[in-house]
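Structural overview
Residues per chain, in single letters:
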Amino acid sequence: MMMLDWTRRAACLDLDPELFFPISAEGPGRSQVEQAKHVCARCPVREACLAYALDTRQAYGVWGGTDPDQRRNLALAAAHQA
């Protein structure tokens, strides 16, 4: 599988992927989501990551500093503008 160019510069590249894919957004998972978003906040490819997540309809995990609910809301807003 070919790696997307932007992923090579991602702040999360060397981190445990489980941080970005908590079992739940509640309880201990909420803390994981916040930690993941903190990593994303300093990421130089945050926008590309978010665009990828939206384009490929990623239903799970933290991508580009957003959780699944936030991405659903962004997709709905974009659909209403189209």
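Conventions we followed
Residues numbered from 1 in each chain as written. Predicted model: local features only at pLDDT ≥ 70, side-chain atom pairs only at ≥ 80, totals over all residues. Heavy atoms only, no water. Helix = DSSP H or I, 4+ residues; strand = E, 2+ residues; numbered from the N terminus. Rg over C-alpha atoms; globule rule 2.2 N^0.38 Å. Buried < 20%, exposed > 50% of the residue type's maximum accessible area, 1.4 Å probe, protein only. Areas by Shrake-Rupley, 256 points an atom, 1.4 Å probe, with all protein chains shown as cover. Lys, Arg positive; Asp, Glu negative; His and termini not counted. Charge placed at Lys NZ, Arg CZ, Asp CG, Glu CD. Expected span 1.5 Å × (residues − 1). Arc of directions from axis to C-beta. Contact = heavy atoms within 4.5 Å. Phe/Tyr/Trp six-rings, centres within 6.5 Å; stacked < 30°, edge-to-face > 60°.

As for the overall build of the chain
When helices and strands are counted, the chain shows 3 helices and 0 strands. Ordered by position from the N terminus, the helices and strands of the chain form the series α-α-α. Radius of gyration (C-alpha) of the chain: 13 Å, near the 12 Å computed for a compact globule of 82 residues. Over its C-alpha atoms, taken along the principal directions, the chain stretches across nearly 35 × 35 × 25 Å. Counting every position in the chain, which comprises 82 residues, the buried fraction comes to 30%. When the accessible area of the chain is evaluated, it comes to approximately 6,000 Å², of which 57% is carbon and sulfur surface. Distance from the positive charge centre (9 side chains) to the negative charge centre (10 side chains) of the chain: 4 Å.

A few points about helix α1 (residues 28-41)
Every α-helix winds through 3.6 residues per turn, so residues three or four apart in the chain are directed the same way. Over its 14 residues, α1 runs 20 Å from end to end, which matches the ideal 20 Å to within 8%, given 1.5 Å per residue. Of the positions making up α1, those classed as buried are Gly29, Val33, Ala36, Lys37, Val39 and Cys40. Seen from one end, α1 has its buried residues packed into an arc of 155°, which puts them on one side. Turned more than 90 degrees off the buried face of α1, the exposed positions are Pro28, His38 and Ala41. Packed against the buried residues of α1 are α2 (46-55) and α3 (68-81).

Regarding the environment of threonine 7
Of note, threonine 7 is situated in the segment before α1. We classify threonine 7 as buried; its relative accessible area is 17%. As for threonine 7 and alanine 79, which are separated by 72 residues in sequence, their C-alpha atoms are 27 Å apart.

Details of unusual backbone geometry
In this structure, arginine 57 takes a positive phi of about 55° despite not being glycine. Looking at the secondary structure, you find arginine 57 in the loop between α2 and α3. Given a relative accessible area of 74%, arginine 57 falls into the exposed group.

Examining the packing of aromatic side chains
Per the stated rule, a full pass over the model turns up 3 aromatic pairs. A centroid spacing of 5.8 Å and a plane angle of 55° characterise the contact between tryptophan 6 and tyrosine 52, whose relative ring orientation is tilted. Taken as a pair, tryptophan 6 in the segment before α1 and tyrosine 52 in helix α2 lie far apart in primary sequence, 46 residues in all. With a centroid separation of 6.1 Å and 80° between ring planes, the pair formed by phenylalanine 21 and tryptophan 63 is classed as edge-to-face. With phenylalanine 21 in the segment before α1 and tryptophan 63 in the loop between α2 and α3, the pair connects residues that are 42 residues apart, well separated along the chain. Taking the relative accessible area as the measure of exposure, phenylalanine 21 reaches 40% and is therefore partly exposed. Looking at tryptophan 63, the relative accessible area reads 16%, which means it is buried. Through successive ring pairs, a cluster of aromatic residues spans Trp6, Phe21, Tyr52 and Trp63.

Distances and angles like these do not, on their own, reveal function.
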